[in-house]
Structure formats: structure tokens, C-alpha cells
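Architecture and fold: a report
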Amino acid sequence: MPVVLALAYAAVTLLRVALASLNLRHLGRHARELPPEFEGVTDAATLEQTARYTVERTRLGVFSAVASSLVVLAFVFGGGLSAYDARVGSLTTSFVARGVLFFVGLGVLSSVIGLPLSIYATFVVEARYGFNRTTPKLFFVDWLKGLLLGAVITAALAGGALGLVHAAPTLYWLWAWLFFCGMSVFLILISPVVIEPLFFQFKPLSSEELANDARALAERVGVKLERVLEIDASKRSSHSNAYFTGLGRVKRVVLFDTLLSRMSRSEILAVLAHELGHWKLGHILKRLLVTQAVALLAIYVASRAIAWPGLPALVGQGELSFAARAVVLAFLASIAGFFVTPLSALWSRKHEREADEFARELTGQPRELANALLKLARDNLSNLHPHPLYAAFYYSHPPVIERVRRLRAP
Ligand SMILES: [Zn+2]
């Protein structure tokens, strides 16, 4: 069985590589074609840059996928997991403390292993295309903050859940699920106040006029924009974006300074209208509910499987602690998860199309949203020629040309 599972895991990695290479071959055939939608928006030089950037990013992604798969296979099947588990077990006899140490340690380990690749992506690839703005010092401070934050959150989640396993051995799956639900709501609530300010500086939008227009637009669909903020994203990267946070009717909207500097007022409002669409059409709530329902099912199944004595033998190991057996289950879930990716992406693209339609109705200016999307794609060097299968599998948003065509259609 261990051989079958290792092969299944390797096969998933090979499928990823095959999809990436299919996508690159498709790009190779079409790289020089300027889609008519981009006429006057971008030029041959940018198109060339886009193709090179896509190739480089894809190669990095493939390398990272293959390297991390090898590390995972060696860790799970090669005895690393058992050895690590035993080492952590020698430090404490407490069930909860052992589990917390196990997961926090694993998180730190994977952050450290991933660091060289992250440095390369930021200071070589992103820098080569003019996206990187961060300094080595800022990068390292961010990395350290992320590491500590991750450790604190992991410790809280693992500590709480393992405490419940200890306290209620039969029904813990239900309590643990409720605990995770509560924690995700808690994290969503504190994130804008505690977590995001660790990395970015927020300030009220400098254009009072734009802030008022944004509020008026939101008011029309019953959303109260408590704050309209801009962040200094340009300190780290020149990629641009915008997002909404908050639960319920009171929202904050955050615009990257990089977006503000490149888009017209009506384009920014069109992007906001799209985001408002996600809220108004219940996309955010639906996704949250489905995620929690899947989580409940997963935790229940995991609670049965983790108690099965034959579990460690599936990956060729002997005795494993509760936490290590959870890792074995996560490994198995990652194989199955690959096949869920296209379903999740399909559902997300449906929501994106609906939000685009919503923006069209709300602003009555679909061309403004189309222009905003073209500019975003141009400035972020988004691949304009994804292979249809690749896009169907991974894309959370329909390819930009498809969105623009739909918005420009009467
Ligand atoms: Zn969207």
C-alpha cells in the first residue's frame, strides 16, 4: 500500500507538471498575438515581457512543486515523520503540549525550507520584471513576522483542538469543528485591526471625492462603508489590487496605492461595484458555509480514520502519535484535494461572472470595468493566452479576454 500511495502522490505532481507544460506550449504558439481587446492598451514589448514573465513564473512553480513533493515523500515515507514525532515526544509527556510543539515545529520547518525559493522569487524573478520594491531587510522582517504569527495561530488552533480531543474523546470532532468555526470568525474580525497593520500602513483615502463616491455607490446596495482606506503596497511590490473586509453590513474597503495611481475614478468605482456584487449576491457567505460544511465532514471522517490502527502502516510507518497521524491524513487529503481544485475554480468563476454582471447593472458602465481589467492584466503581466484546460483547472477568474468580451457585449 505505501508504494501505491507514494505513486499516487507522485502522479498528482506529474499531472501538475503536465498542465503547466501544456500551458507553456500554448503560450509559445500564441505569445506574439495581440488580442484585439488589448489594441491600444498594451504593445509588443509588454506582450513579450508578459510571455517571458509567465514562462519564468511557471518554471519556478514547477520546480517548487517537484521539490516540495520530493521533500514530502521523503519525510512521510522515508522515516522523517517517525523520527520527528519521536523527537518531539521525548520533550514532553503532555498530550496537548506534544501536539502543539509538533505542529508549530513543522510550520517553522516548512517556512525555513521554503525561504530560499521565496527569496529567489522576490529578488530575482519579481525584480527582473520591475515588480519587486521590497528591500532585503523589509523582506526578512516580514518573513519573521509571518513566521511568528503563524506559530501563534497554529499554537492556538492546535492547542484548542487537542484540548478538546483530550476532554471529549468521543464527540471531539463536533466540538473541534465549532472551535475552528469560532476561530475563523475571530480571525476575520481581528485581522484588519491586529494582523494586516503588522505588514501594511493604512490611511484614509487621500481623495475625499473618491471616498464619497465609493460610499454613495455602496449605499445604493445597502452596504455601509465604514472606512475607505489605501495601503502602501508599493513599498513591497508594484502589483495592484483592491479588496473588501468585514462581516455583515459594515465593511472596509482597501485600495492598493498602486491601483489608485494607475486607474481613473470611474474605473476604480467599477472595481468596487464588482466587489460589492460578491457581497450582495451572497458569494462570500455561500463560500464560507460550504467551506465549513466540508470542514465538518472532513473532521468527522478524520476522527474515525485517525483512530484506525492500520493508518501508520499505509505510509510504511510503525507507531505514530495523534498529531503525526493527522499529518498522514493531511497527506492523503492532499492527493484527493487536487481533484477538487477544478470544481472550486469552476464555482469561483461562476461567481466572478455574476459579480461582473452585477457591476454592469449597478454602474451602467460595463466599459469602465472592462478597461480596469485590461489595465490590471497589462500592469500585472497576466498571461493573455492560457490554455483552456489549464484555465478551467486552476483559474479562479475567467481569463481576462473572456471577461472583457462579455462586458463589452450589449
Ligand atoms: Zn471578484
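Residues numbered from 1 in each chain as written. Predicted model: local features only at pLDDT ≥ 70, side-chain atom pairs only at ≥ 80, totals over all residues.

1. Describing the overall build of the protein
For clarity, the cut-off: For helices the rule is a DSSP run of H or I covering at least 4 residues; for strands it is a run of E covering at least 2, with both sets numbered from the N terminus onward. Radius of gyration means the value over C-alpha atoms here, while the globule rule gives 2.2 Å times the residue count to the 0.38 power. Labels follow a simple rule on C-beta atoms placed from the backbone: if 20 or more others lie within 10 Å of a residue's own, it is buried; if 12 or fewer, it is exposed; otherwise it is partly exposed. The contact rule is simple: place each C-beta atom from the backbone, and if two of them lie within 7 Å, those residues are in contact.
Across its full length, the protein holds 15 helices and 4 strands. Here the C-alpha radius of gyration of the protein, 23 Å, is about what a compact globule of 410 residues would show, namely 22 Å. Principal axes of the C-alpha set define a box for the protein whose edges measure 65 × 50 × 40 Å. Taken over 410 residues, the protein has a buried fraction of 25%. For the protein, contacts bridging at least 24 residues in sequence account for 77% of all contacts bridging at least 6.

2. A look at unusual backbone geometry
In the Ramachandran plot, Leu381 falls in the positive-phi region, its phi being about 50 degrees despite a non-glycine side chain. Looking at the element boundaries, Leu381 is found in the loop between helix H13 (366-379) and helix H14 (388-394).

3. A word on helix H1 (residues 2-30)
Our working definition: Expected span of a helix, by definition, is 1.5 Å for each gap between consecutive residues, and there is one gap fewer than residues.
Spanning 29 residues, H1 covers 43 Å between terminal C-alpha atoms, matching the ideal 42 Å at 1.5 Å per step. Restricting attention to buried positions, one finds in H1 the residues Tyr9, Asn23, Leu24 and Leu27.

4. A short note on the nonpolar core
Filter applied, for reference: To count as a nonpolar core, a set of buried Ala, Val, Leu, Ile, Met, Phe, Trp, Tyr and Cys residues must be joined through C-beta atoms within 7 Å.
Core analysis: the largest hydrophobic core is formed by 38 residues, its most contacted members being Leu255, Leu272 and Leu373. Counting only elements with at least two residues in this core, the list comes to helix H7 (208-220), strand S2 (224-231), strand S4 (250-256), helix H8 (257-260), helix H9 (265-280), helix H12 (322-363), H13 and helix H15 (400-408). Take this core: its biggest share by element is 8 residues, from H9. Contact partners of Leu272, with chain neighbours within four places excluded, come to Ala214, Leu217 and Val253. Ranked by size, the runner-up nonpolar core spans 22 residues in total, among them Ala176, Trp177, Ala323 and Val327.

5. A closer look at the environment of Glu209
Within the fold, Glu209 resides in helix H7. The exposure class assigned to Glu209 is exposed, which follows from the 9 C-beta atoms found within 10 Å. When the C-alpha positions of Glu209 and Ala392 are compared, they lie 40 Å apart, and in sequence the two are 183 residues distant.

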